[in-house]
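# Analysis of the macromolecular model
In case you want the letters, here they are:
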Amino acid sequence: MYQKLYETWRREVIEKEKLQQLEPNFFHDIGEYLKELIKEIRMLDNKTLKYRILNIELEKAQKLTFSILEKRIKKILDTVIDKKDVSQNYLSNEEIEIYVTVTKIIDQY
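### Considerations on a nonpolar patch on the surface
- Together, Leu69, Ile73, Leu77, Ile81, Ile98 and Ile106 give the surface a local cluster of nonpolar side chains, amounting to about 420 Å² of exposed area.
- Within the residue set of the nonpolar patch, elements represented by two or more residues are helix 3 (49-81) and helix 4 (93-108).
- The element best represented in the nonpolar patch is helix 3, accounting for four residues.
- Among the structural elements, isoleucine 98 can be located in helix 4.

Right, dumping it as structure tokens:
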């Protein structure tokens, strides 16, 4: 899952203006992955190598996830402000909600 997260982040960074296609459950799946990492870390002795490795993986995964969210929300907002359409195939389920809400707010003004 970490590799998938990293590849998604890399595509979003390389393509600075255009949203990259995501699976509808992308953020849900990442959330489950992060929960599992936390659960596994809590069961380990914090002096073990496995604990340290998983803890580093968790920290990096959280940073990548936040960075992806930040970049994608900015791209969604820029698209709405520029009055361009976004194919909902490119958005996660959570992002569809953001897109629809922001579009309604912008259209009202």
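### Some remarks on the packing of helix 2 (residues 26-42) against helix 3
- Contact pair helix 2 / helix 3: the axes reach a minimum separation of 10 Å and the direction vectors enclose 155 degrees. Compared by their axis directions, helix 2 and helix 3 come out roughly antiparallel. In terms of crossing hand, the pair formed by helix 2 and helix 3 is left-handed. Listed contacts from helix 3 to Phe26, Phe27, Ile30, Tyr33, Leu34, Leu37, Ile38, Glu40 and Ile41 of helix 2 are Lys50, Tyr51, Leu54, Asn55, Glu57, Leu58, Ala61, Gln62, Thr65, Ile68, Leu69 and Arg72.
- Taken together, the residues that form the contact of helix 2 with helix 3 break down as 14 nonpolar, three polar and four charged.

### A word on the nonpolar core
- By size, the foremost hydrophobic cluster in this structure holds 15 residues, and its most contacted members are Leu5, Phe26 and Leu34.
- Counting only elements with at least two residues in this core, the list comes to helix 2 and helix 3.
- It is helix 2 that provides the largest number of residues to this core, a total of seven residues.
- With near-sequence residues (within four places) excluded, leucine 5 lies in contact with Phe26, Ile30, Ala61, Leu64, Thr65 and Ile68.
- With seven residues, the next largest nonpolar core counts Ile76, Val80, Val86 and Leu91 among its residues.

### Quick word on the packing of helix 3 against helix 4
- Packing of helix 3 against helix 4 brings their axes to within 10 Å, and their N-to-C directions diverge by 35 degrees. Crossing angle aside, the handedness with which helix 3 passes helix 4 is right-handed. Note on element contacts: helix 4 touches helix 3 through Glu95, Ile98, Tyr99, Val102, Thr103 and Ile106, opposite Arg72, Ile73, Ile76, Leu77 and Val80.

Parameters at a glance
- Residues numbered from 1 in each chain as written.
- Predicted model: local features only at pLDDT ≥ 70, side-chain atom pairs only at ≥ 80, totals over all residues.
- Heavy atoms only, no water.
- Patch = residues over 30% accessible without salt bridge, like charges linked within 9 Å, V, L, I, M, F, W, Y side chains within 5 Å.
- Areas by Shrake-Rupley, 256 points an atom, 1.4 Å probe, with all protein chains shown as cover.
- Salt bridge = Lys/Arg side-chain N within 4 Å of Asp/Glu carboxyl O.
- Helix = DSSP H or I, 4+ residues; strand = E, 2+ residues; numbered from the N terminus.
- Axes fitted to C-alpha atoms, helices over the stretch in contact; angles between N-to-C directions.
- Parallel < 35°, antiparallel > 145°, perpendicular 65-115°, else oblique.
- Left-handed = near helix turned anticlockwise from the far one by under 90°.
- Contact = heavy atoms within 4.5 Å.
- Nonpolar A, V, L, I, M, F, W, Y, C, P; charged D, E, K, R; others polar.
- Core = buried A, V, L, I, M, F, W, Y, C linked by side-chain atoms within 4.5 Å.
- Buried < 20%, exposed > 50% of the residue type's maximum accessible area, 1.4 Å probe, protein only.

No statement about biological role is implied by the geometric values presented.
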